Amino acid sequence: MGGLMPKGIVTMSTKEIDRGELIRRVREKRLTQAKAATLMGLSVRQVKRLCRLFKENGLAGLASRQRGRASNRKLAVETKAEVVALVRERYADFGPKLAHEKLVEVHGIRVGRETLRGWLSEAGIWLPRAVRTLRVHQPRHRRQCLGELVQIDGCDHEWFEARADRCTALVYVDDATGKLMELRFVVSESAFDYFAATESYLGHHGKPVAFYSDKHSIFRVNQEGASGRAGGITQFGRALGELNIDIICANTPQAKGRVERMNKTLQDRLVKEMRLRGISSMAAANAYAPEFMEDYNRRFAARR
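Residues numbered from 1 in each chain as written. Predicted model: local features only at pLDDT ≥ 70, side-chain atom pairs only at ≥ 80, totals over all residues. Heavy atoms only, no water.

For the protein chain, the helix and strand inventory stands at 11 helices and 5 strands. Per-residue burial over the protein chain gives 38% buried out of 304 residues. Taking all contacts inside the protein chain whose residues are at least 6 apart in sequence as the whole, residues at least 24 apart take part in 60%. Carbon and sulfur atoms provide 50% of the accessible area of the protein chain, an area that totals close to 18,100 Å². (Helix = DSSP H or I, 4+ residues; strand = E, 2+ residues; numbered from the N terminus. Buried < 20%, exposed > 50% of the residue type's maximum accessible area, 1.4 Å probe, protein only. Contact = heavy atoms within 4.5 Å. Areas by Shrake-Rupley, 256 points an atom, 1.4 Å probe, with all protein chains shown as cover.)

Here we come to the packing of helix H5 (residues 96-105) against helix H6 (residues 113-122). Where H5 contacts H6, the axes come no closer than 9 Å and their chain directions differ by 115°. As H5 packs across H6, the resulting crossing turns out to be right-handed. When H5 is examined against H6, the residues Pro96, Lys97, Ala99, His100 and Leu103 are found in contact with a partner set consisting of Arg113, Leu116, Arg117 and Leu120. Within the contact of H5 with H6, the residues separate by chemical class into 5 nonpolar, 1 polar and 3 charged. (Axes fitted to C-alpha atoms, helices over the stretch in contact; angles between N-to-C directions. Left-handed = near helix turned anticlockwise from the far one by under 90°. Nonpolar A, V, L, I, M, F, W, Y, C, P; charged D, E, K, R; others polar.)

Take the packing of aromatic side chains next. Using the criterion set out here, one finds 13 aromatic pairs in the structure. A centroid spacing of 6.1 Å and a plane angle of 40° characterise the contact between Phe160 and Phe185, whose relative ring orientation is tilted. Of this pair, Phe160 sits in the loop between strand E1 (150-157) and strand E2 (167-174) while Phe185 sits in strand E3 (residues 180-186), placing them 25 residues apart in sequence. Accessibility classification places Phe160 together with Phe185 in one group, the buried group. (Phe/Tyr/Trp six-rings, centres within 6.5 Å; stacked < 30°, edge-to-face > 60°.)

Most of E3 sits inside the fold, with 6 of its 7 residues counted as buried. Note: E2 against E3, 6 bridges, orientation antiparallel. From the neighbouring strand, Thr168 faces E3, where its bridge partner is Val186. Counted between consecutive antiparallel strands, the loop separating E2 from E3 contains 5 residues, among which Gly178 sits at a positive phi close to 70°. (Pairing = 2+ DSSP bridges.)

Taking 1.5 Å of rise per residue, the 14 residues of helix H3 (residues 44-57) would be expected to cover 20 Å, and the 20 Å separating its terminal C-alpha atoms lies within 8% of that figure. The complete set of buried residues in H3 reads Val47, Leu50, Cys51, Leu53 and Phe54. Along the long axis of H3, the arc covered by the buried residues comes to 165°, so they all point the same way. Opposite the buried face of H3, at more than 90 degrees from it, the exposed residues are Arg45, Lys55 and Glu56. Looking at the buried residues of H3, the elements they touch are helix H1 (14-27) and helix H2 (33-40). (Expected span 1.5 Å × (residues − 1). Arc of directions from axis to C-beta.)

The next thing to look at is the sheet that holds E2. Reading across from one edge, E3-E2-E1-E4-E5 is the order of the 5 strands in this open sheet, with mixed pairing throughout. Either end of the sheet is taken by a strand with one partner, and the two such strands are E3 and strand E5 (246-249). The mean inter-strand angle of the sheet, taken between neighbouring strand axes irrespective of direction, is 20°. Note: strand E4 (residues 210-213) against E5, 4 bridges, orientation parallel. If you follow Ser213 over to E5, its bridge partner there is Cys249. Helix-sheet contacts for helix H10 (residues 257-277) involve E1, E2 and E3, and the interaxial angle to E1 is about 45°. Of the strands in this sheet, E2 and E3 are in contact with helix H11 (residues 282-300), which crosses E3 at around 165°.

Residue position: Asp193 is located in helix H7 (residues 191-205). There is a polar contact of 2.8 Å between the side chain of Asp193 and the side chain of Ser190. (Polar contact = N/O pair within 3.5 Å; in protein donor to acceptor, adjacent residues only side chain to side chain.)

The subject of this paragraph is the side chain of Thr198. Following the sequence through the fold, Thr198 ends up in helix H7. Residue classification places Thr198 among the buried residues on the basis of a relative accessible area of 5%. Excluding residues that lie within four positions of it along the chain, Thr198 makes contacts with Tyr172, Phe211, Phe236 and Leu240.

Written out as structure tokens, the structure reads:
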């Protein structure tokens, strides 16, 4: 096959050289166009085109005309620089997925998500997953049905960053779907606030089979010597018992990993959404919560 290489051709792929040999056989009537098309995985029409190119230009006619040129789909260097600069200015602490959403929704900039991920990694804005700390705990298998188990937790955080005081978000997550079911901002975890959040949950979704929580004193009596039905059950637990809803207290934070991971997601995604909207109070955050939950569940909740 080396004899087929004409002068002036510096580089050709093995695939192109092999095609040249087959086309030469077709031109010499030693191989039919149909058989050559089968061997090359092409149509007979494409083989005819290659035969014409071979006749006109020899083996050079089979070389890709795109070789050495930039891809037609490659974005301009200026576009890359503009996108990276915009992310660095407005979305420096956003992950590639969330930054991609904002570029599309807010700025009308359409660039591939993986392309953006590569740009941000190259610019040092995003740390690739491969170099982050590996997960230690194996996640527990999801329940089968919506409402079978709902994980609940209170997350104390700087939800409004420096714009307002620190507060707590009460978070209810369905175990089967990962759906964010209830979200309420309060001053701190209290039985009164959990009663209000649970009442809202029941009004929107009906009764779950069980709630899964930590061992906070709202859910479990932690005093030594507590015994008996009245002595070992909190007010919140007693109210759930009257509704025939179980309350299960996890032994470790990892056991209720679904809601723990949701807390981290909210600390990232929700904080930034509220920053972009200028939300600086619990009242405004609670007013925005239904819109955020609907959008989050549409994007990420598992379909069951």
